[in-house]
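Structure assessment
Here is how the chains run, residue by residue.
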Amino acid sequence: MSGIGDDMLAEEVNETVRVRFIVNGRKVACDVAPRETLVDCLRNVLELTGTHAGCEMGACGACLVRLDGRSVHSCLMFAVQADGARIDTIEGLSESGVIADLQAEFHRRNALQCGFCTPGMLVNAHELLSQVARPSREEIRDALSGNYCRCTGYEAIVDAIDVVAKARSEGGAA
Amino acid sequence: MKARAFSYFRADTIDQALDAHARAGDDARFIAGGQSLVPALSLRLQAPRLLIDITHIAELRGVCREGDTLRIGALTRHCEMLTEPLIAAFAPLLRAAAPFVAHPAIRNRGTFGGSVALADPASEFPAMTLALDAEIEIAGPSGSRRLKADDFFIDLFETALQPGELITAVHVPLFRSNQRFAFDELARRRGDYALVGCGMLATQTGDRIDDIRISFFSVGNTPTRVKGAETALTGFSLDAARIAAAQAALDNDLAPPESDEVPPMMRLHLARVLLGRLLGRLGEGA
């Protein structure tokens, strides 16, 4: 896209744009309307439904994915903005095994009930532990402040992340 | 809610971005981090014909020293404010404010220039540009200009930016060894909008305050300097009587709006509490 032509300002609402990104390690190309959010593209076009569309305004954290290695709200960007980016969703993180210990601990401690918030919680916890090896409980709570859970009361989620942080730093277990 | 259909253009240079805006008859919005703009589009509070993505414009990136100021590129993300060594060394007030800006995932996308351009009266960074006596660098159809932060914020979400103009950088005077700063906010939940927030930068000779700039947010339609309180402190050393005088001056400096959630008297009270705490920390050499 080097310059803008008048044709780009067409009133057509069905205009689509070809975007390419690397999703969970695989090259993907798809045609999207510019107004389509990344979460809608992931769920509806790529059928990666592990990423959840909750509030769709950046408040609940259910739609977190990793974009070029950083957690972001996939409801707070349009798919076209991610053209050329590397995206990792909960499916990719699960398959690669990098969050297996977090998932096991969430399961063991009942850190989920309905599970709607869980993918976002895991993406967030994964980023936190990659930045801070041994976060305090307060730091964990602070990091989770943008992720809503309406079932658990958060205590078990904080417990699970806390335990994994300790296990990783003590045993190098992953 | 879904955004109304729009066209999308990814600009590689400032000139391309400005040109695209003009061609769209100014029925366009620049998008950087988009952490406030995307929800506004989704809620259809805004519905431009064209979205101009400025995040790939190299000229808008980077933090560097430029003479006696720090030039903070508009695309500097909030998370970079936490990790960039030049920010910590030369604009520590911004480093102190950064952890309070929204949540980690928002900080990974949101940009400094975007926050200043939006001028949300509850946001941390716009208010801190006032405390820092920063200058806003602006590019537009009729060329570039620089504007003092004091002249930038006009009213609720209204700034001196004209249609088609965008912020390219913010220039902050380098932090000096005879300066002290303090920042804090009161919020019901971490990451939530502050009930009241405040940052300050003092220039001192020994314990005497030669100059102090104090800026509040979440107290009205714009980020607000409290000049009465500043005057009450200038030329003095901090003690209980001076702090009380500055707190009393807030009655004239601030006029919080009516609100069901936080009545004006409560907000004013919280502002006095916060000012007292921060001046106390400043006195302790914070």
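Only a predicted model underlies this, so the values are computations on that prediction, with no experimental measurement involved.

**Some remarks on the overall build of chain A**
Counting its secondary structure elements, chain A contains six helices and five strands. Helices and strands in chain A line up, N terminus first, as β-β-α-β-β-β-α-α-α-α-α. Taking all 174 residues of chain A together, the buried fraction comes to 52%. Long-range pairs, those at least 24 residues apart, make up 56% of the contacts in chain A between residues at least 6 apart in sequence. Summed over all atoms, the accessible surface of chain A reaches about 7,900 Å², with 47% contributed by carbon and sulfur. Taking the average place of the 17 positive charges on the side chains of chain A and the average place of its 25 negative ones, the gap between the two points comes to 8 Å.

**With respect to the overall build of chain B**
A count of helical and extended segments in chain B gives 11 helices and 14 strands. Against the compact-globule benchmark of 19 Å for 286 residues, chain B has a radius of gyration of 19 Å, which places it among compact chains. Principal-axis analysis of the C-alpha atoms gives chain B an extent of 60 × 45 × 35 Å. Every one of the 286 residues in chain B was classed for burial, and the buried ones make up 57%. The contacts of chain B with a sequence gap of at least 6 include a subset with a gap of at least 24, amounting to 62%.

**Looking at the side chain of B:T111**
Residue and element names in this part refer to chain B. By the element assignment, T111 lies in the loop between α6 (104–107) and α7 (112–118). A distance of 3.1 Å separates a polar side-chain atom of T111 from the backbone nitrogen of G114. Apart from residues lying up to four places away in sequence, T111 is in contact with A32, G33, A74, L75, T76, R77 and H78.

**A closer look at the side chain of B:R10**
Along the polypeptide, B:R10 turns up in strand β1 (residues 7–10). Buried B:R10, no salt bridge; nearest opposite-charge side chain is B:D53, N-O distance 4.1 Å. For B:R10, the side chain forms a polar contact with the main-chain oxygen of A:V80, separated by 3.3 Å. Within the structure, the side chain of B:R10 is placed 3.3 Å from the side chain of B:Y8, a separation counted as a polar contact.

**A look at the pairing of strand β3 (residues 50–53) of chain B**
All names here are of chain B. Burial along β3 is two-sided: the residues L50 and I52 and L51 and D53 are all buried. As paired strands, β1 and β3 are joined by four bridges and run parallel to one another. Note on β3: the bridge partner recorded for Y8 is L51. Inspection of the sheet shows strand β2 (residues 28–31) paired to β3 by four bridges, in the parallel sense. Across the sheet, residue A28 finds its bridge partner in β3, namely L50. In terms of handedness, the path from β2 via helix α2 (residues 37–42) over to β3 forms a crossover that is right-handed.

**Examining the layout of surface pockets**
By volume, the second largest pocket amounts to about 630 Å³. As for the second largest pocket, its lining consists of 24 residues, and the residues nearest its centre are A:L128, A:Q131, A:D142, B:P104 and B:R107. Only α4 (118–131) and α5 (137–143) of chain A together with α3 (78–83) and α6 of chain B provide two or more residues apiece to the lining of the second largest pocket. Among the residues forming the lining of the second largest pocket, the class breakdown is nine nonpolar, six polar and nine charged.

**Let's talk about the pairing of strand β11 (residues 179–186) of chain B**
Taken residue by residue, a regular strand's side chains alternate between the two faces of the sheet. Residues and elements named next belong to chain B. With six of eight residues buried, β11 lies mostly within the body of the structure. Sheet topology places β11 next to strand β12 (residues 196–205); eight bridges connect them, and they run antiparallel. Residue pairing for β12: Q179 is matched across the bridge by T203.

**Observations regarding the nonpolar core**
Residues and elements named next belong to chain B. The biggest cluster of nonpolar side chains holds 39 residues, and the ones touching the most others in it are I72, L94 and F152. Elements with a minimum of two residues in this core: β5 (69–73), α4 (85–90), α5 (92–97), α7, α8 (124–131), β6 (135–140) and β10 (166–173). When we break this core down by domain, the ones giving at least three residues each are domain 2 (58–173) and domain 3 (179–281). I72 has contacts with G62, V63, M81, I87, L94, F112, A169, V170 and V172, leaving out every residue within four places of it along the chain.

**Some words on the state of the cysteines**
Counting across every chain of the model gives zero disulfides over all chains. Free of any disulfide, A:C75 has its nearest neighbouring cysteine sulfur in A:C63, separated by 3.7 Å.

**Some remarks on the UniProt feature "domain: FAD-binding PCMH-type" (unreviewed entry) in chain B**
Here the UniProt feature "domain: FAD-binding PCMH-type" (unreviewed entry) sits at residues 1–177 of chain B. Structurally, residues 1–177 of chain B is divided into 30% helix and 26% strand, and its ends, taken at the C-alpha atoms, are 50 Å apart.

**Describing empty space enclosed by the protein**
As enumerated under the stated definition, the model contains two cavities of 30 Å³ or more in all. Approximately 30 Å³ is the volume attributed to the second largest cavity. The wall of the second largest cavity is formed by A:H73, A:N124, A:A143, A:G146, A:N147, B:H103, B:P104 and B:A105. A class-by-class count of the residues in the lining of the second largest cavity yields three nonpolar, five polar and no charged.

**Side note on the sheet that holds strand β13 (residues 208–217) of chain B**
Strand-to-strand pairing in sheets goes through backbone hydrogen bonds, with the strands running parallel or antiparallel. Residues and elements named next belong to chain B. One open sheet holds the four strands; their spatial order is β11-β12-β13-β14, and the pairing between them is antiparallel. Each of the sheet's edge strands pairs with one partner strand only, and the pair in question is β11 and β14 (224–225). When β12 meets β13, the two strands line up antiparallel, connected through nine bridges. Following the sheet pairing, M200 is matched in β13 by I214. Where α8 meets the sheet, it contacts β11, β12, β13 and β14, and its direction lies at approximately 155° from that of β13.

What counts as what
- Residues numbered from 1 in each chain as written.
- Chains lettered and ligands numbered in written order.
- Predicted model: local features only at pLDDT ≥ 70, side-chain atom pairs only at ≥ 80, totals over all residues.
- Heavy atoms only, no water.
- Helix = DSSP H or I, 4+ residues; strand = E, 2+ residues; numbered from the N terminus.
- Buried < 20%, exposed > 50% of the residue type's maximum accessible area, 1.4 Å probe, protein only.
- Contact = heavy atoms within 4.5 Å.
- Areas by Shrake-Rupley, 256 points an atom, 1.4 Å probe, with all protein chains shown as cover.
- Lys, Arg positive; Asp, Glu negative; His and termini not counted.
- Charge placed at Lys NZ, Arg CZ, Asp CG, Glu CD.
- Rg over C-alpha atoms; globule rule 2.2 N^0.38 Å.
- Polar contact = N/O pair within 3.5 Å; in protein donor to acceptor, adjacent residues only side chain to side chain.
- Salt bridge = Lys/Arg side-chain N within 4 Å of Asp/Glu carboxyl O.
- Pairing = 2+ DSSP bridges.
- Right-handed = clockwise from strand over helix to strand, strands pointing away.
- 1 Å grid on protein atoms, 1.4 Å probe; cavity = no way out; pocket = protein on both sides within 12 Å on 5 of 7 lines; lining within 4 Å.
- Points joined across faces, edges and corners; volume = space filled by probe spheres on them.
- Nonpolar A, V, L, I, M, F, W, Y, C, P; charged D, E, K, R; others polar.
- Core = buried A, V, L, I, M, F, W, Y, C linked by side-chain atoms within 4.5 Å.
- Domains from an automatic or database assignment.
- Disulfide = S-S within 2.5 Å.
- UniProt positions renumbered as here; feature names shortened; annotations may be inferred.
- Axes fitted to C-alpha atoms, helices over the stretch in contact; angles between N-to-C directions.

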